[in-house]
Amino acid sequence: MAMMTKNTEFRFTGWHMLACMFAFFGVIIVVNFTMASMASSSWTGLVVKNSYVASQKFNAELALAEAQQARGWHSEVAFSEGKLTFGLVDKDGEIIVLDQVSVVVGRPAFEQLDQRVSLAAEQVGQYATALDLAEGDWALKFEARAEGIAYRRDLRLFVSGGTGLVQ
C-alpha cells in the first residue's frame, strides 16, 4: 500500500490578513482604553494659563509657602449638608481671627466652571458658606488674610452622600 501524501504548503489568504488586522487594531484599542481609564482615575494634573510665567513666579511662591509653614498656622476644613466651613489656628492652637476669607471652587483640571466664593464669619474664628457641590472630586483654593498676613491652602474635597472628605 502506497502512502498518499498531500502537499500542505501554507498559503496566506485574505482571512489570515483579516485576523492580523483585528489583532493589531484590537491591541491598540485595548491599550488606549487602559491608558485612558488609568489617566482618568489618577492624579488630574495642574492647570496654568502660561507655564513660562508660572515658572518665573515659582521661587517667590516657594518662599511664601516656607514662611507660612514657619508660622505654623493650620486650617480646619469641613463640608457637610451643603455647608463649607473653614477655621484657622496658630501653632499653639489659638484661634486666628481673619479679615477676609475666600475660596475658589471647581473641578480639578477644568477651570471653566471655577467660582470664587467669600466665606462669612459664623462665630469667632469660624467661617462658612453654603455650596451646592455634586458628588465627586472638587479642588478648593482657600485664601485668607489676618492683619496683613496672607494664608493659602489648596486641597481636594471628595463629596459623597452630601458629606465631603478632605484630601
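Heads up: these notes are all about the structure in this document. (Residues numbered from 1 in each chain as written. Predicted model: local features only at pLDDT ≥ 70, side-chain atom pairs only at ≥ 80, totals over all residues. Heavy atoms only, no water.)

A word on a nonpolar patch on the surface. Taken together, the side chains of Phe 10, Phe 12, Met 17, Met 21, Phe 24, Phe 25, Ile 28, Ile 29 and Phe 33 make up a nonpolar region of the molecular surface, amounting to roughly 970 Å² of accessible area. Summarising the element assignment, Phe 33 is placed in helix α1 (residues 14-40). When its relative accessible area of 61% is taken as the criterion, Phe 33 is described as exposed. (Patch = residues over 30% accessible without salt bridge, like charges linked within 9 Å, V, L, I, M, F, W, Y side chains within 5 Å. Areas by Shrake-Rupley, 256 points an atom, 1.4 Å probe, with all protein chains shown as cover. Salt bridge = Lys/Arg side-chain N within 4 Å of Asp/Glu carboxyl O. Helix = DSSP H or I, 4+ residues; strand = E, 2+ residues; numbered from the N terminus. Buried < 20%, exposed > 50% of the residue type's maximum accessible area, 1.4 Å probe, protein only.)

Take unusual backbone geometry next. We note that Glu 81 has phi near 50°; this positive angle belongs to a residue other than glycine. Relative to the elements of secondary structure, Glu 81 occurs in the loop between β1 (74-80) and β2 (83-89). In this model, Glu 147 sits at a positive phi of 50°, which is unusual for a non-glycine residue. For Glu 147, the location among the structural elements is in the loop between β7 (136-146) and β8 (149-160).

This brings us to helix α2 (residues 51-71). Because each turn of an α-helix spans 3.6 residues, side chains separated by three or four positions in sequence point in the same direction. Between its first and last C-alpha, α2 extends 29 Å over 21 residues, near the 30 Å set by a 1.5 Å rise per residue. Along α2, the largest kink reaches about 45° and is centred on Phe 58. With a side-chain oxygen positioned 3.0 Å from the backbone nitrogen of Tyr 52, the residue opening α2 is Asn 50. Gly 72 lies just past α2 and shows a positive phi near 75°. (Expected span 1.5 Å × (residues − 1). Bend = angle between axes of the 7 residues up to and from the residue. Polar contact = N/O pair within 3.5 Å; in protein donor to acceptor, adjacent residues only side chain to side chain.)

We now examine the environment of Ala 39. Mapping Ala 39 onto the fold places it in helix α1. Residues Ala 39 and Lys 83 lie 44 residues apart in sequence; the distance between their C-alpha atoms is 31 Å.

To continue, consider the packing of aromatic side chains. For the coordinates displayed, the defined rule picks out four aromatic pairs. Look at Phe 24 and Phe 25: their rings are 5.0 Å apart centre to centre, the planes differ by 85°, and that puts the pair in the edge-to-face class. On the basis of relative accessible area, Phe 25 is assigned to the partly exposed category, the value being 42%. Each ring, one from Trp 73 and one from Tyr 151, has its centre 6.3 Å from the other, and the planes form 35°; the classification is tilted. (Phe/Tyr/Trp six-rings, centres within 6.5 Å; stacked < 30°, edge-to-face > 60°.)

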